[in-house]
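Structural description and commentary
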Amino acid sequence: DSLLGEVLVVELNTAEPWPENATLYQPLREDQILLSDCASSLAVQAYLRMCGLPVRVCCRANAEYMSPSGKVPFIHVGNQVVSELGPIVQFTKAKGHSLSDGLDDVQRAEMKAYMELVNNMLLTAELYIQWCDDTTSSEITRPRYSSPYSWPLNHILAYQKQWEVRRKMNAIGWAGKTLEQVYEDVSQCCQALSQRLGTQPYFFNKQPTELDALVFGHLFTILTTRLTSDELSEKIKSYSNLLSFCRRIEQTYFEESGCFSGD
Amino acid sequence: MAAPLQLYCWRGDHGLPSVDADCLTVLAYAKFAGAPLKVHKITNPWRSPTGILPALKTREEGSFSQPSKIIIQLRKQKYNADYDLSAKECADTLAFVSLLEEKLLPALIYTHWVDAKNYVDVTRRWYAENIPFPLNFLLPNRIHGRQLERLRLVRGDPTLEPGEQLEKELYHDALECMTLLSQRLGSQKFFFGDSPSSLDAYVFGHLAPLLKIKLPNGKLQQHLNSLDNLRQFCTNILVLYFPSESREAPAKKVSNHADGGDFDNEPHKRRNQILSVLFAVGAMLGYAFLSGIITIKHTPARLEEPHVDEEEEEED
């Protein structure tokens, strides 16, 4: 029964071309969006631009609640709503657009593994720094997260989110880490990415893939976001090939809009 | 001469040196790196130096848990299985370990601890039979609750319930992950050539329980069995590095749990049994004396028997 449903969905998807009014929803850029959400949103935007699929970016204060999985960003295409980079990649693949078709099996395995490396280490580190470091949490994260709401809802929502993230950190074993150890993990992750990239223009030589979009989204956002300390962006700046990688993608795919990152 | 290192881990069964994935990872890495460890195979996590298993106890630097920390500590002591890896291979190791943790581990947690049939028939039964009294009533359910909570937090859905939809999503990711690992391994003996590294330890630690412990709801097992090179990889490591366990496997199922091996708690178990029997007998005798069921009468020795009868009647 569900298998038939899936087949129908795939057929419907492939039948419809990509519409002109596809929209991407994210939290408010100036005041509300956080580092981790901005990184995820930028990764999706980069991916869609690499595929040549036009999408309009729409900022909404309640984007997180509108999303089907509770995570941002999500795209609204035709009558479908899809959130997070993984499902969006599969969705565009069903419509016939894919960046990783030219890879062989071993390369595809490596691509998926490195994407999980970014999710496992880089995204988790961003969440840790935002919500588990008391300075950052009280000075930047909580005020930003709760900015669209009035008292007392802003306090309740912010603390609820913080408590949820801290419990998750506890469950995966990150609660015992110090900030220095987290910075060290970021450094290791960047070293691995830098090693894999080497001197190539993209991770799999000439053509960008979803891995390039994901890495760009996270690294660029970290480089251009002001936090309580510069240590995170300094870690990335120490790898020159990652810096030129980010600049290359920005110039190739984002040249018409000069400033689009959350700050 | 390096300080003696002691490793506390869960006991083994079904032909494995340990039933727990993290313990297997650490044991395999230690064998690959040639680290001389004194291994304590226990079934009571409260007896470990950190309260959880696996745990590495060093003489100077205290105790560590979590496989990543233990491996770092072993590397510090110059037992490094990744010494020969190039920088790119080290980067690949980080990436593939992340792949394991993000895509395979949630499904493994689900299939061993959350899936109703598997948990009740296999996992809970093993832990309840092997953990000493009275923890065997508390711990399995507590671990079950904690694993379900962990799945909920990682998926970001506090209302998650075990069911077909969740199983489908988790298994889909896990099957893809296993296929990717199989493609990366190809026809090589280990992931990076001819000698094993930490990535091999992690993959072995996660896949070996799935291979060896027979589960009633075994979709993941079927897929793993269909990937010949991964199955060969696991059995290879078992035969090469843990030969005693794989040989004992058929006999172990028949033998009693209390027999054999170098179990630390066995002398204590015997001593506890004797002490508890003595205590019970002593308690019964004490109650009997106090309530008058048994009385010891100290009667002075009499020469004539008929007098004794008369005097006894008077005393009553």
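Within each chain, residues carry numbers counting from 1 in the order of the written sequence. To read the labels, note that chains go from A and ligands from 1, taken in the order they are written. Local features in this predicted model are restricted to residues of pLDDT 70 or higher, and side-chain atom pairs are both shown and tallied only at a pLDDT of 80 or more, whereas totals for entire chains, interfaces and linings draw on every residue. Only hydrogens and water are set aside; all other atoms, that is, all heavy atoms of the structure, feed into the side-chain values.

1. Concerning the UniProt feature "domain: Metaxin glutathione S-transferase" (unreviewed entry) in chain A
- UniProt positions are given in the numbering used here, feature names are shortened, and annotations may be inferred rather than shown by experiment. Sites flagged by UniProt as "domain: Metaxin glutathione S-transferase" (unreviewed entry) map to residues 187-249 of chain A.
- Within the segment residues 187-249 of chain A, helix and strand shares are 68% and 0% respectively, and the terminal C-alpha atoms sit 22 Å apart. Put simply, DSSP marks the helices as runs of H or I at least four residues long and the strands as runs of E at least two long, and each gets a number from the N terminus on.

2. A short note on the sheet that holds strand β4 (residues 62-65) of chain B
Residue and element names in this part refer to chain B.
- Whether two strands pair depends on DSSP finding at least two bridges between them. On the basis of which strands lie adjacent, the open sheet formed by 4 strands has the order β2-β1-β3-β4 and mixed pairing. Both edges of this open sheet fall to β2 (37-42) and β4, since each of them pairs with a single strand only. Sheet twist, expressed as the average angle between the axes of neighbouring strands with direction ignored, equals 20 degrees.
- Here strand β1 (residues 5-10) runs beside strand β3 (residues 55-58); their pairing, made up of 3 bridges, is antiparallel. Every angle, taken between N-to-C directions, lies between 0 and 180 degrees, and every axis is a line fitted to C-alpha atoms, over only the stretch in contact when it is a helix.

3. Let's talk about the pairing of strand β4 (residues 80-83) of chain A
All names here are of chain A.
- Pairing analysis gives 4 bridges linking strand β3 (residues 74-77) to β4, with the strands arranged antiparallel. Pairing of V77 across the sheet is with Q80, part of β4.
- Hairpin remark: β3 followed by β4, antiparallel, with 2 residues in the connecting loop; positive phi at G78, about 60 degrees.

4. Details of the packing of aromatic side chains
Residue and element names in this part refer to chain B.
- Each Phe, Tyr or Trp ring, with Trp reduced to its six-membered ring, pairs with another whose centre is within 6.5 Å; inter-plane angles below 30 degrees give stacked pairs, above 60 give edge-to-face pairs, and intermediate values give tilted ones. This structure, assessed with the given rule, holds 17 aromatic pairs over all chains.
- Centre to centre, the rings of W113 and Y119 are 6.0 Å apart; their planes meet at 40 degrees, and the pair counts as tilted.
- On the accessibility criterion, W113 (9% relative accessible area) is buried.
- For the ring pair F191 and F233, a centre distance of 5.6 Å and an interplane angle of 80 degrees mean the geometry is edge-to-face. The classification of residues rests on relative accessible area computed with a 1.4 Å probe and restricted to protein chains. Under 20% of the type maximum is buried, over 50% is exposed, and intermediate values are partly exposed.

5. Focus: the sheet that holds strand β2 (residues 56-59) of chain A
Residues and elements named next belong to chain A.
- Taken in spatial order, the 4 strands make up an open sheet running β2-β1-β3-β4, and their pairing is mixed. In this open sheet, the two edge strands, each paired with only one partner strand, are β2 and β4. Sheet twist, expressed as the mean angle between neighbouring strand axes with direction ignored, is 25 degrees.
- Here strand β1 (residues 23-26) pairs with β3 via 3 bridges, running antiparallel. Among the inter-strand pairings, L24 is bridged to a residue of β3, identified as I75.

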